[in-house]
Amino acid sequence: MLETKSEHVAPVMAAYGRFPITIEKGKGSYVWDSEGTKYLDFTAGIAVLALGHVPDAVEEALKKQLDTLWHCSNLYHIESQEKLAAMLTEHSCCDQVFFCNSGAEANEGAIKLARRYANLVLHKPEGHIVTFNHSFHGRTLATMTATAQEKIQSGFGPLVPGFKYLPYNTDSSVQAIKEDSECIGVMLEMVQGEGGVIPADKTWAQNLAAVCKEKGIPLIVDEVQTGIGRTGTLFAYEHYGIEPDILTVAKALGSGIPIGAFLAKKQISQLFTPGTHGSTFGGNPFSTAAGVATLEAFEKQDVLAKCTANANDLTMKLNEIKEKYPDQIKSVRGLGLLIGVETAAPAISIVNELRENYQVLILTAGKHVLRILPPLVTNESEIDAFIAAFTNVLIEHA
Ligand code: PMP
């Protein structure tokens, strides 16, 4: 029998540990809660809001789209979808794009595409894709299996076959892939975001790319968190001098309107022939209009240069704090405005104190890592406000 409904059971499933505020409004780097309290938002909706909340340029494009077309089926050409695909391919090493609705869906598609290549071209239908310890690729069954974290997978077995895990940033992984005759692809984040803000080592990443090339297997780069400017280049792989064969993006592409995409080089992407894959809302006129407006704003507002300047400023100031409070701050790391700060105190206590006492929002990435993700277009005075609040919290902890 169904349990009687109780006033103590909230109707929304409790899969998220939520903080006790309701966000009602956002603009730029700020949000306001239902009581009118203003917060400095250095979570950017978890790396979504490159241009900040409700950016004028995207708002205008969406208002225009509201008046013309909200949705149409993928059986017809969609102008904004084709425009966004052209923009993404022009600025990446890939030739074709498939649009979907989220990071997990993009990674699912990327995995399917790699398997299709393994089946039809490599003739290895039983092969596996290598992913790395502490990775994060999503919460659907295949992407959860690709995610080599026990705490994400626990209680959700059986897992999907066809994955193998190796250590990140370790030469032995390159050697293991080299010797693995059943490896059909390698999937990684250029900076492990959820896994603790850990950038890939440059030489290691280059060796991985070289081994993939040598074996003729696709290198799949998950740029759901790093992509669309977060690290100061449109894609993080650009820092590494490597070229993925399959690339996934989501989060920041739509400035908050749900969108995801996977891109691939033509010899792989051409294997998705009519009827092989689909997504009702994928590439919808509304979400792709948001994507086009976002990328246009990147160019017009010189967002990548702003990201790099802000990242340099924020990282320098965090390093100064680290010098001052070496017992409390163990390391400052990351790439661009994807910044991790390793703390002696539990990261969640710092997150809570910043929110409750200073109206500043940041995230954790593990028990002792703070994740700081401002909008890419933040500025010096917002950075200084964050630094002042953070310093106060550290002083209170000392
Ligand atoms: N890949 C990476 C690297 C991510 O950081 C995330 C989300 N944090 C995902 C995939 C999943 O994206 P989504 O929540 O949009 O499914």
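Residues numbered from 1 in each chain as written. Predicted model: local features only at pLDDT ≥ 70, side-chain atom pairs only at ≥ 80, totals over all residues.

(A) Highlighting the site of the ligand. In the vicinity of the ligand there are 15 residues, among which Ser-102, Gly-103, Ala-104, Val-224 and Gln-225 approach most closely. Considering each element in turn, the shell around the ligand owes the most residues, three residues, to helix α4 (residues 103-122). By residue class, the composition of the shell around the ligand is five nonpolar, seven polar and three charged. (Near = placed C-beta within 6 Å. Helix = DSSP H or I, 4+ residues; strand = E, 2+ residues; numbered from the N terminus. Nonpolar A, V, L, I, M, F, W, Y, C, P; charged D, E, K, R; others polar.)

(B) Molecular detail of the domain arrangement of the protein. Assigned domains within the protein: domain 1 (23-55 + 303-397) and domain 2 (56-300). Between the C-alpha centres of domain 1 and domain 2 there is a distance of 27 Å. Tallying the contact residues gives 26 residues for domain 1 and 28 residues for domain 2. Counting residues per element, the ones that place at least two in the side of domain 1 that touches domain 2 are α1 (44-47), α11 (303-324), β13 (329-335), β14 (338-343) and β17 (369-372). Tallying contributions element by element places α11 first for the side of domain 1 that touches domain 2, with five residues. Here the residues of the side of domain 1 that touches domain 2 sort into 18 nonpolar, six polar and two charged. (Domains from an automatic or database assignment. Contact = placed C-beta atoms within 7 Å.)

(C) Representation of the UniProt feature "binding site: N(2)-acetyl-L-ornithine" (unreviewed entry) in the protein within the structure. If you check UniProt for "binding site: N(2)-acetyl-L-ornithine" (unreviewed entry), the listed places come out as Arg-139 and Ser-279 in our numbering. A residue is classified by how many C-beta atoms lie within 10 Å of it, and Arg-139, with 14 of them, is partly exposed. Apart from the residues within four sequence positions on either side, Arg-139 is in contact with Ala-104 and Met-144. Examined against the element boundaries, Ser-279 turns out to sit in the loop between α9 (266-269) and α10 (285-300). Ser-279 gets classed as partly exposed once you count the C-beta atoms within 10 Å, which come to 18. (UniProt positions renumbered as here; feature names shortened; annotations may be inferred. Buried ≥ 20, exposed ≤ 12 C-beta atoms within 10 Å, placed from the backbone.)

(D) Expanded view of the packing of helix α12 (residues 347-358) against helix α13 (residues 380-397). Remark: α12 packs on α13, axes separated minimally by 10 Å, with the N-to-C direction vectors making an angle of 115°. Crossing handedness for the pair α12 and α13: right-handed. Side by side, α12 and α13 meet where Ile-350, Glu-353, Leu-354 and Tyr-358 of the first sit next to Ala-389, Phe-390, Asn-392 and Val-393 of the second. Here the residues of the contact of α12 with α13 are counted per class, giving six nonpolar, one polar and one charged. (Axes fitted to C-alpha atoms, helices over the stretch in contact; angles between N-to-C directions. Left-handed = near helix turned anticlockwise from the far one by under 90°.)

(E) Representation of helix α2 (residues 56-66) within the structure. Those residues of α2 lying buried are Val-58, Ala-61 and Gln-65. One side of α2 holds all its buried residues, which, seen down the axis, span an arc of 65°. In α2, the exposed positions angled more than 90 degrees off the buried face are occupied by Glu-60, Lys-63, Lys-64 and Leu-66. Considering only its buried residues, α2 is in contact with α10. (Arc of directions from axis to C-beta.)

(F) View of the pairing of strand β5 (residues 128-132). Of all five residues in β5, four are buried; the element is thus mostly enclosed. Where β5 meets strand β6 (residues 163-166), four bridges bridge the pair, whose relative direction is parallel. Residue pairing for β6: Phe-132 is matched across the bridge by Leu-166. (Pairing = 2+ DSSP bridges.)

(G) Geometry of the environment of Ala-10. With respect to the secondary-structure elements, Ala-10 resides in the segment before β1 (23-27). Using a count of 9 C-beta atoms within 10 Å as the deciding quantity, one classes Ala-10 as exposed. Ala-10 sits 368 residues away from Thr-378 along the chain, and the two C-alpha atoms are 36 Å apart.

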